[in-house]
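Architecture at a glance
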Amino acid sequence: MTERLDLEQVLAAFEKKGYTARYFADGQAAADYLDAAIDGQTVGFGDSRTLYDMEIYARLRRHNRVVDPMHPEDDRGFFEIIPDTQGTAVFLSSVNAASVNGELVNIDATGNRVAGTVFGHERVYFVFSVNKLCPDLASAVWRARNVAAPQNAKRKGYKTPCAVKGDRCYDCQSPERICNALVIHLHSMKRTHAEVLLLGEELGF
Ligand code: SF4
């Protein structure tokens, strides 16, 4: 009961900040929802392990025009694909951390992911697991920098000190550094319909 009440409070906190907030027990249920809600649209992805694990790309592309840097469909590389993710009607992203008060935190290397969540789309969906929830904004920023970013660097096979040592951020000057912009969403953006989809299943980093 306590867990349920806490969850309701978290969803209410996001609603208070202008998001439509929904809870799903697992990624499959959230994928079902997105598959039904997004039809006949142009869709851009911020590269996201959570969305990748949900296998939502293959479903959406059956009835939408979808661009995902994690699913290249031609010979183009990541940097050639990411401009096409901007300016689409819909943008999908995860977050690196969130506070139970309704703040969202994302770190980015090239800016395509954070740019897409801030401007240029009619609808934005933030999809993330409950394990990314933190007690306040300070701890959410700490998680993004010291947990999510090192794990993402390791996933990419980079030789940054965080990936090699695996314990925290070293604020490195590595050429493979992935932490160049940190965006905090204090509230939903003006003139964008934004939804928060919270997953009970732990996906992503
Ligand atoms: S700044 Fe460097 S050390 Fe810190 S998390 Fe980012 S890539 Fe890792």
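So, here's what we can say about the structure. Since the structure is predicted, the reported quantities are computational estimates derived from the model, not experimental observations. (Residues numbered from 1 in each chain as written. Predicted model: local features only at pLDDT ≥ 70, side-chain atom pairs only at ≥ 80, totals over all residues. Heavy atoms only, no water.)

**Regarding the overall build of the chain**
The helix and strand tally for the chain stands at eight helices and 10 strands. For 205 residues, the compact-globule estimate of 2.2 N^0.38 gives 17 Å, and the C-alpha radius of gyration of the chain, at 16 Å, lies within 12% of that figure. Taking the principal axes of its C-alpha atoms as reference, the chain extends roughly 45 × 40 × 30 Å. Residue pairs in contact within the chain that sit at least 24 positions apart in sequence constitute 74% of those at least 6 positions apart. Counting only carbon and sulfur atoms, one obtains 50% of the accessible surface of the chain, whose full area is about 10000 Å². Of the charged side chains in the chain, 24 are positive and 27 negative; the average position of the first set lies 4 Å away from that of the second. (Helix = DSSP H or I, 4+ residues; strand = E, 2+ residues; numbered from the N terminus. Rg over C-alpha atoms; globule rule 2.2 N^0.38 Å. Contact = heavy atoms within 4.5 Å. Areas by Shrake-Rupley, 256 points an atom, 1.4 Å probe, with all protein chains shown as cover. Lys, Arg positive; Asp, Glu negative; His and termini not counted. Charge placed at Lys NZ, Arg CZ, Asp CG, Glu CD.)

**Thoughts on the packing of aromatic side chains**
For any pair of aromatic rings, the description consists of the separation of the ring centres together with the inter-plane angle of the planes. Taken as a whole and judged by the stated rule, the model has six aromatic pairs. For the ring pair Phe24 and Tyr33, a centre distance of 5.5 Å and an interplane angle of 35° mean the geometry is tilted. Tyr33 shares its class with Phe24; the two are buried. By way of ring pairs, the aromatic residues Phe14, Tyr19, Phe126 and Phe128 are connected into one cluster. Of note, Lys165 hangs over the ring of Tyr170, and the distance from its end group to the ring centre comes to 4.5 Å. The lysine or arginine in question, Arg168, covers the ring of Tyr170, its NZ or CZ lying 3.9 Å from the ring centre. (Phe/Tyr/Trp six-rings, centres within 6.5 Å; stacked < 30°, edge-to-face > 60°. Buried < 20%, exposed > 50% of the residue type's maximum accessible area, 1.4 Å probe, protein only. Lys NZ or Arg CZ within 6 Å of the ring centre and 35° of its normal.)

**Some words on the pattern of salt bridges**
Opposite charge on two side chains permits them to pair, given that their charged atoms come into close proximity. Tallied over the full model, the rule gives 10 salt bridges. In this structure, the salt-bridge partner of Asp84 is Arg76, at a minimum N-O distance of 2.8 Å. Among the charged side chains, a network of salt bridges with common partners joins Asp32, Asp35 and Arg59. (Salt bridge = Lys/Arg side-chain N within 4 Å of Asp/Glu carboxyl O.)

**Structural notes on a nonpolar patch on the surface**
There is a patch of nonpolar side chains on the surface, built from Leu182, Ile184 and Leu186 and spanning about 240 Å² of accessible area. Mapping Ile184 onto the fold places it in strand 9 (residues 181–185). (Patch = residues over 30% accessible without salt bridge, like charges linked within 9 Å, V, L, I, M, F, W, Y side chains within 5 Å.)

**Considering the sheet that holds strand 2 (residues 42–45)**
Strands sit in the order 1-10-7-4-2-3 across an open sheet of six strands; the sheet is parallel. With partners counted over all chains shown, the strands left at the sheet margins are strand 1 (20–24) and strand 3 (65–67), one partner each. Strand-to-strand twist of the sheet, defined as the mean angle between neighbouring strand axes without regard to direction, takes the value 20°. For strand 2 and strand 3, the ladder comprises three bridges, and the chain directions are parallel. Paired with Val43 across the bridge in strand 3 is Val66. (Pairing = 2+ DSSP bridges. Axes fitted to C-alpha atoms, helices over the stretch in contact; angles between N-to-C directions.)

**Quick look at the state of the cysteines**
Here, disulfide denotes a covalent bond that connects the sulfur atoms of two cysteines. Scanning the model with the defined rule gives zero disulfides in all. Take Cys134: it sits in no disulfide, and the sulfur closest to it among the cysteines is that of Cys169, at 15 Å. A relative accessible area of 7% means that Cys134 is categorised as buried. Assessed through its relative accessible area of 16%, Cys169 is described here as buried. (Disulfide = S-S within 2.5 Å.)

**Here we look at the pairing of strand 4 (residues 90–93)**
With burial as the criterion, each face of strand 4 is covered, one bearing Val90 and Leu92 and the other bearing Phe91 and Ser93. Sheet topology note: the strand 2/strand 4 ladder contains three bridges and is parallel. When the sheet's bridge partners are listed, Val43 is paired in strand 4 with Val90. Bridge analysis of strand 4 against strand 7 (residues 123–129) gives four bridges, and the strand direction is parallel. Counted as the bridge partner of Leu92 is Tyr125 from strand 7.

Function cannot be inferred from these measures alone, as they are strictly geometric.
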